[in-house]
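Coordinate analysis (summary)
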Number of protein chains: 4
Amino acid sequence: MDVMNPDYMDAVRETFRRAHFTEEVGVRLVDAGPGWCETELIIDERHQQQNGCVHAGVQATMADHTAGAAGFTVIGADEWLLSSEFKINLLRPAQGERLRCRGQVLKPGRRLVISEAEVYAVRDGMEKLVSKLGVTLAVLKVTGRESAS
Amino acid sequence: MDVMNPDYMDAVRETFRRAHFTEEVGVRLVDAGPGWCETELIIDERHQQQNGCVHAGVQATMADHTAGAAGFTVIGADEWLLSSEFKINLLRPAQGERLRCRGQVLKPGRRLVISEAEVYAVRDGMEKLVSKLGVTLAVLKVTGRESAS
Amino acid sequence: MDVMNPDYMDAVRETFRRAHFTEEVGVRLVDAGPGWCETELIIDERHQQQNGCVHAGVQATMADHTAGAAGFTVIGADEWLLSSEFKINLLRPAQGERLRCRGQVLKPGRRLVISEAEVYAVRDGMEKLVSKLGVTLAVLKVTGRESAS
Amino acid sequence: MDVMNPDYMDAVRETFRRAHFTEEVGVRLVDAGPGWCETELIIDERHQQQNGCVHAGVQATMADHTAGAAGFTVIGADEWLLSSEFKINLLRPAQGERLRCRGQVLKPGRRLVISEAEVYAVRDGMEKLVSKLGVTLAVLKVTGRESAS
């Protein structure tokens, strides 16, 4: 995938440094490259919902942020991205020691970037796909910092 | 909307008591009735993303849980609900002192319950619609505690 | 809702005149006003799927076009709209003599317009909500005629 | 992907024979196997919208039906599927001589099957991904023929 900003890795790191909530939840950047980003989260009791599985809100936070960070690798240095909408499918109960997430740009664009993210639960060294998200990201100019619409 | 479980308020309260992550995020039950539920969240620095607005993950967590809790008011006493998928539209920057959310059942059912939730940001006493979510909830038997599919 | 183009009704009619497929399917404009549009379709055997109900594709075509037409009432005279993504919930079997659809703008914007549409099946004079759609529409300049991204 | 009905190909063919609207639109079955289905459509003037591209409704009809048909390869002989909701991303203008669609099951299940479909526009022998759909299919017993919820 084409790269417009050679320093995209700084932009990706910046999205993690400046997102208080993502840090609070415990989403950690693993790596990123042209059109993709990978993150990780150590599962803790606070992430769980009533049935002992990781809450949909944790998975959505992780997948949305990772898919968005993948988008930051294909935009210009003077641009940033804001989620306009996303859909997430919760496919299986998310149980294990940690979550791994891979975000991937499906379609770059001047106005909109469409990205996807898959979340895997890792248990006893085995990985299972537990959720999949698709997001529409609005491309904004850095000076603006306006809303997505 | 028809009520099958006269003690639905206990079931709603239970979904908040047992969801560690929702409590961690700070989503608080305000009230509920047949087919609806209302919640509240005091906005804190930890909820924010890079541009000073409430992170999409916070809004998704709040809206998904509130829409689901609305669903708990229309199912049987031996049933519970699990989100199968949701879509959220982030309409405006979420800024202010607190978020208010109202969940509403769009379509009850024996197998699936479809609910919606609207999130409002309250700033200086003024409310603005900031996001809207639609969720597909799978109806499960309490004994099962299986996945949504 | 604010109107930027006083001749918005011409723009709405134009979207129906120029959409061969919508005409082929039989979606007919009923009326429109600031932020909304209503359409109608007489149900025929060709609209049906295997179980005797109106196919999801017919409902999606009608709801997407009607939600988009509602959006045309709130944009400028030099602008047009293109669907970037939509989600539709098929709530009940769509059976009867005709479908009625109402599209409504949820959030106007300079770059994106978010609209919804509800489809009702009319049977023996009784109306039932059968599906609900939400769409992200990209705002484009008339000269461009480019894609949504 | 596991096959429960060895005669799944009959079930897939049946979904095309009995869907008047899909036939009307011109969606043609190409092939299917465990967990997948491929279809084709020759682009005609009647499929187009105002800008000369294939209408979103045509793409949604094709992708929903193909993703559903993929689901029919992984269910029992006494079961059938009904779309409960789908989301489609319209990524690029759909122009060319024909559309090709591949549906793929993401997650089989006893109650819900989650499928995806990608639509490609073929122009001068070159293929481009023009849209991507994700659908939640409710698994129903053949005797029932009830609604998805």
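Above this text is the structure in question.
The paragraphs below set out a description of the structure included in this document. (Residues numbered from 1 in each chain as written. Chains lettered and ligands numbered in written order. Predicted model: local features only at pLDDT ≥ 70, side-chain atom pairs only at ≥ 80, totals over all residues. Heavy atoms only, no water.)

1. Some details on the interface of chain A and chain D
- At the junction of the two partners, chain A supplies 14 residues and chain D supplies 13 residues.
- For the pairing of chain A and chain D, the buried interface totals around 1,100 Å² over both sides, and the portion due to carbon and sulfur atoms is 59%.
- In this structure, the connection of chain A to chain D is made through four salt bridges.
- Residues K132 of chain A and E116 of chain D are paired through a salt bridge, measuring 3.0 Å at the closest nitrogen-oxygen approach.
- Of all the secondary-structure elements, those providing two or more residues to the side of chain A that touches chain D are β3 (79–90), β4 (98–107), β5 (112–123) and β6 (126–141) of chain A.
- Looking at side-chain class alone, the side of chain A that touches chain D contains five nonpolar, three polar and six charged residues. (Contact = heavy atoms within 4.5 Å. Buried area = accessible area lost by both parts, 1.4 Å probe. Salt bridge = Lys/Arg side-chain N within 4 Å of Asp/Glu carboxyl O. Helix = DSSP H or I, 4+ residues; strand = E, 2+ residues; numbered from the N terminus. Nonpolar A, V, L, I, M, F, W, Y, C, P; charged D, E, K, R; others polar.)

2. Comments concerning the relation of the copies chain A and chain D
- Of the transformation superimposing chain A on chain D, the axial component is 0.0 Å and the angular component is 180°, with the fit at an RMSD of 0.0 Å. Classification of the inter-copy transformation places it as that of a two-fold axis. Considering only C-alpha atoms, the part of chain A nearest the rotation axis is K87 of chain A, at 4.0 Å.
- When the interface residues of chain A are mapped onto chain D, 93% of them again lie at the interface, so the same face is used by both copies. (Least-squares fit on C-alpha atoms with pLDDT ≥ 70 in both.)

3. Quick look at the interface of chain B and chain A
- Counting from both sides, the interface comprises 38 residues of chain B and, opposite them, 38 residues of chain A.
- Both faces combined, the contact of chain B with chain A buries some 3,200 Å², and carbon together with sulfur accounts for 57% of it.
- Linking chain B to chain A there are two salt bridges.
- The shortest N-O distance in the salt bridge between R46 of chain B and E24 of chain A comes to 3.1 Å.
- Viewed at the interface, chain A and chain B are joined by 16 residue pairs in polar contact (both at pLDDT 80 or more).
- Elements with a minimum of two residues in the side of chain B that touches chain A: α2 (20–25), α3 (56–72) and β3 (79–90) of chain B.
- At 10 residues, β3 of chain B tops the list of elements feeding residues into the side of chain B that touches chain A.
- Split by residue class, the side of chain B that touches chain A holds 13 nonpolar, 17 polar and eight charged. (Polar contact = N/O pair within 3.5 Å; in protein donor to acceptor, adjacent residues only side chain to side chain.)

4. A short note on the environment of V139 of chain B
- With respect to the helices and strands, the residue V139 of chain B is situated in strand β6 (residues 126–141).
- Owing to a relative accessible area of 7%, V139 of chain B belongs among the buried residues under this scheme.
- Sequence separation between V139 of chain B and L81 of chain B is 58 residues, and the spatial gap between their C-alpha atoms is 4.9 Å.
- Setting aside anything within four residues of it in sequence, one finds V139 of chain B in contact with E79, W80, L81, G109, R110, R111, L112 and V113 of chain B together with R111 of chain D. (Buried < 20%, exposed > 50% of the residue type's maximum accessible area, 1.4 Å probe, protein only.)

5. Focus on the relation of the copies chain B and chain A
- Least-squares fitting of chain B to chain A yields an RMSD of 0.0 Å, with the transformation described by 0.0 Å of translation along the axis and a rotation of 180°.
- With an isologous cut-off of 70% or more, the 100% of interface residues of chain B that recur at the interface of chain A puts this contact in the isologous class.

6. Digging into the packing of helix α3 (residues 56–72) of chain C against helix α3 (residues 56–72) of chain D
- Two elements in contact, α3 of chain C and α3 of chain D, have axes whose closest approach is 8 Å; the angle formed by their N-to-C orientations is 150°. On the basis of their axis angle, the class for α3 of chain C and α3 of chain D is roughly antiparallel. In this structure, α3 of chain C crosses over α3 of chain D, and the sense of that crossing is right-handed. Across the interface between the two elements, A56, G57, A60, T61 and D64 of chain C from α3 of chain C touch A56, G57, A60, T61 and D64 of chain D from α3 of chain D.
- Of the residues in the contact of α3 of chain C with α3 of chain D, the class split is four nonpolar, four polar and two charged. (Axes fitted to C-alpha atoms, helices over the stretch in contact; angles between N-to-C directions. Parallel < 35°, antiparallel > 145°, perpendicular 65-115°, else oblique. Left-handed = near helix turned anticlockwise from the far one by under 90°.)

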